[in-house]
Amino acid sequence: MAPARRDCSGWEMLLPTGCLLLSVLLFHPALAKVCNDRTKHGQDNSWFARDGENLPIMVLMPMNESALMSSISQGIEPAVQLAIQHIRESRNYSFSLITKIYDTECDNAKGLRAFFDAICYGPKHLMIFGGVCPSVTSIIAESLEGWNLVQLSFAATTPVLADKKKYPNFFRTVPSDNAVNPAVVKFLNFYNWSRVGTLTQDVQRFSEVRNDLTNELEKGDIQIADTESFSNDPCVNVKKLKDNDVRIIIGQFDENLASKVFCCAYNLNMFGSKYQWIIPGWYQGNWWEQANSTNCTTKKLLTAMEGYISVDFEPLSARQIKGISGRTPKDYEREYSRELQQKGVEASKFHGFAYDGMWVIAKTLTRVMELLRERKRQNTYHNFTVGDREVGKMVLDVMNETNFFGVTGQVMFRNGERMGTIKFNQFQEGREVKVGEYNAIADVLDLINNSIRFQGVEPPKDRTFVRLQRRHINVPLYSILSTITILGMLMAGAFLFFNIKNRNHRLIKMSSPYMNNLIILGGMLSYASIFLFGLDGGFVSDKEFETLCTVRTWILIVGYTTAFGAMFAKTWRVHAIFKNVKMKKKIIKDQKLLIIVGGMLLIDLCILICWQIVDPLKRTVEEYSLEADPQGRDIAIRPFLEHCENTHMTIWLGIVYAYKGLLMLFGCFLAWETRNVSIPALNDSKYIGMSVYNVGIMCIIGAAVSFLTRDQPNVQFCIVALVIIFCSTITLCLVFVPKLITMRTNPDAATQNRRLNFTQNQKKEDSKTSTSVTSVNQANTSRLDGLQTDNHRLRMRITELDKELEEVTMQLQDTPEKTPYIKQNHYPDANNILSIRNFTDAKDGEKSILKNHLEQKPQAQWGSMDPSRINRGPLEDINSPEHIQRRLSLQLPILHHAYLPSIGGVDASCTSPNGSPGSSPRHRHMPPSYRVMVSGL
């Protein structure tokens, strides 16, 4: 069982011996002179000139069995004697090494006394070999320069002794505790671990190793995520490491506290495939059983310990080649084992370093002897002598040049520190298994193939790797909605084809085909925006995404304004024709409606351009909380979502919504005002109201739900797309489907004034209007009575003129040869009818009179019968069904031709029910007053 390396007496033992050390430092020249005077009679500096000399070497070790670390010395003495034997047998050295062991008892005071006794009363030692306890070794090593002696240690691993300013004459064949740090950094780099944490026991030895490790990690560009130190209870510090997401933990603590650390790790679930522990490798075998002072069972400790990596120096080289002694490490180990059996002592893990140390001394002294003999030959004086200081300087220089292969590997010093081999072991199934080694001289890490077994399928990650995952729209969902959108665009294309093909048909022409085309264009633009709303950073770059934000916003806003602007402009013309009598002599053509739509679009462009210049839309990324990997990998998923936002998003959206809201209200007003227009080809008020209602409700619901689901792109896109599809489709269908149905069933009915169904309602409306006006304003009763009287008189006149017109029509049909005469004598009566209608439009009570006029005219046609005509024959009865049909066939075209000029159609002055305009001089020279605008249809 290999003994542990530990501070035998602790640095607290240095205080009682402080005065003694101070006296040594102050008076060691005088003491050296006294001791040298007492031993000078038997010694001189001519030892290098003779062969076969016995060269004394001072050996400092704790030999008392009651002293700490005495087991190390007991296992070292056989190795030292074996080395002296092998040196003598090699016959390459002209001297014999004689070792004299002085017992330091691992006590500072006793160690110093043993050292002074050796100096004063022993032979003149050329070198000091040994130094096991750190405190004793450091005290003696600090005073060696004054004694011109060089010390070579085989077991002192404390990093303190690496300070060459304080310990210039100290060497060691065993690597220091700091020697493992470059190996650890190399191991970390091998697995690409660039983020670690340290957990250090709060004592000087481990703190010094931690400080050196920090420097090495900084050189290796490895981040130290957290540094924790503890004295007794490590659980709080282990918890901090976990909170800081430290996965690779480098520990510096003894085996007594190691059990506590792994117990805390087990309780905090800091073991397994996500964590890697790296700890010192010099613990005793089965340390978890002997040092378990926790409430965790051995099974729990073994579970938490499984897979840890331990790092320590290699006691014997794994390279089986013959070294300086002519033996392989295996050969030496067999001989050493025989020596142990003969003496009945336990092995020491430092025996190989002690064995190589004796070879270092032999080679050093041999080289010094050669140098001194060479200098003596070159010296012309026969009494050549050399001082102790000069010999000590030569020993230092030769020691730094040491380089040979021993049983512990390549023996080489760098500033007094051994450049050795560091081994890596892994705890696997209750035991440590060697998995690799690090050669400090070559700076090479050699790991045994397939020897390291990690708990997971791959090495642990040095941190919780966060993989950004874009929350994108599912391709199947995008495909389905895109297909529906394409179908909607095909439907819009079919409506466009229908509208263009039938643009000269009376039904389509009266419904403004150009405005219909704009409605279809606006719907197709709205459809097209759906494709853009479904694209994100997975399809386009960040710069293109920002452009996409602007383009899709512009397309949707312009499409909306184009569709509803054209619809409302068309409705405004109907309202202007039928409600605003002040415009009765203006012809409202499609060009003017295009200007109105263009004005609406101009407002949109002004808003959008200002938006783009002042506060353009930019790509923003919203990140969400970490989520576990659904596939069970050692990564965390951080979802993120891309948005199109700007600084004052709320203000700009408020401006757009306010403008669109006013546009919708204006459309509702026009639809309400034109609700009683009885020509289906002109009156879309019912369908406009339905469109505005559906669009308004869907937009409000869609905007609210879209805002609430902004972190769910699939739901948000689905809602936005469905709202756009629904609104566009409903609007197009309400505008064009009735026209399609009418075109297929009764293409002429839509352009006819439904007077028969309208008469009774109109009478009731007249009665309600008269009653309402009387009840509201008693002062206007007399004026209203006068207007009603005039209205009645004019309607009677219209009835008489209608009868005359019917008679003329009958005569035209029965006696064609009298046509020229009839044209000359009866056309003035027709013109008088038109003049009366024009006159009714110019009255102050225009709406009431016109409404009564339109009511009484069909009533006169259908309900009035002249008594003088009752007894006439069938051919002379103008109220017979045949005559009624003929009269309607004549009057409706006249009314139709009277309306067309108001929408840019055929001029009333250029059309005659019986012939071309050129056949009548009256029609060619009709004054402007006869170009009327029918306001009662």
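Report follows, based on the coordinates.

What counts and what doesn't
- Residues numbered from 1 in each chain as written.
- Predicted model: local features only at pLDDT ≥ 70, side-chain atom pairs only at ≥ 80, totals over all residues.
- Heavy atoms only, no water.
- Core = buried A, V, L, I, M, F, W, Y, C linked by side-chain atoms within 4.5 Å.
- Buried < 20%, exposed > 50% of the residue type's maximum accessible area, 1.4 Å probe, protein only.
- Helix = DSSP H or I, 4+ residues; strand = E, 2+ residues; numbered from the N terminus.
- Contact = heavy atoms within 4.5 Å.
- Salt bridge = Lys/Arg side-chain N within 4 Å of Asp/Glu carboxyl O.
- Pairing = 2+ DSSP bridges.
- Axes fitted to C-alpha atoms, helices over the stretch in contact; angles between N-to-C directions.
- Left-handed = near helix turned anticlockwise from the far one by under 90°.
- Nonpolar A, V, L, I, M, F, W, Y, C, P; charged D, E, K, R; others polar.

**Looking at the nonpolar core**
Buried together is how nonpolar side chains tend to be arranged in soluble globular proteins.
Turning to step 1, where the next piece is worked out: In this structure, Leu97, Phe115, Phe129, Phe154, Phe187 and Leu188 are the most contacted members of the largest nonpolar core, which totals 107 residues.
Turning to step 2, where the next piece is worked out: A total of 12 residues in this core trace back to one element, the largest contributor, which is helix 13 (residues 351-378).
Turning to step 3, where the next piece is worked out: When residues no more than four places from it in sequence are discounted, the contact partners of Leu188 are Trp193, Val196, Leu217, Ile222, Ile248, Ile250 and Ile278.
Turning to step 4, where the next piece is worked out: Listed in part, the 53 residues of the second largest apolar core include Leu518, Ala569, Ile607 and Val695.

**Here we look at the pattern of salt bridges**
Turning to step 1, where the next piece is worked out: One pass over the structure, following the stated rule, counts 25 salt bridges.
Turning to step 2, where the next piece is worked out: With its nearest N and O atoms 2.8 Å apart, the salt bridge here joins Asp604 to Lys660. One end of the pair, Asp604, is in helix 19 (residues 590-614); the other, Lys660, is in helix 20 (residues 649-673), and 56 residues separate them in sequence.
Turning to step 3, where the next piece is worked out: Residue Lys660 is classed as buried on the basis of its relative accessible area of 9%.
Turning to step 4, where the next piece is worked out: The network of salt bridges with shared partners includes Arg470, Asp542, Arg619 and Glu642.

**Quick word on the sheet that holds strand 10 (residues 309-313)**
Turning to step 1, where the next piece is worked out: The sheet built from eight strands is open, its strands ordered 7-6-8-9-10-14-15-16 with mixed pairing. Each edge of the open sheet is held by one strand with a lone partner, namely strand 7 (223-230) and strand 16 (444-447). Geometrically, the sheet is characterised by an average inter-axis angle of 25° between neighbouring strands, direction not taken into account.
Turning to step 2, where the next piece is worked out: Summarising the sheet, strand 15 (residues 431-439) and strand 16 pair through four bridges and their orientation is antiparallel. The residue bridging Gly436 from the neighbouring strand is Leu447, located in strand 16.
Turning to step 3, where the next piece is worked out: Strands in contact with helix 9 (residues 255-267) are strand 6 (195-201), strand 7 and strand 9 (276-280); relative to strand 9, the strand with the most contacts, it is inclined by about 175°.

**Re the packing of helix 2 (residues 70-90) against helix 13**
Turning to step 1, where the next piece is worked out: Packing of helix 2 against helix 13 brings their axes to within 8 Å, and their N-to-C directions diverge by 35°. As for the relative orientation of helix 2 and helix 13, their crossing is right-handed in sense. Residue-level contacts link Gly75, Ile76, Ala79, Val80, Leu82, Ala83, Ile84, His86, Ile87 and Ser90 of helix 2 to His351, Ala354, Tyr355, Met358, Trp359 and Ala362 of helix 13.
Turning to step 2, where the next piece is worked out: Tallied by class, residues from the contact of helix 2 with helix 13 come to 12 nonpolar, four polar and no charged.

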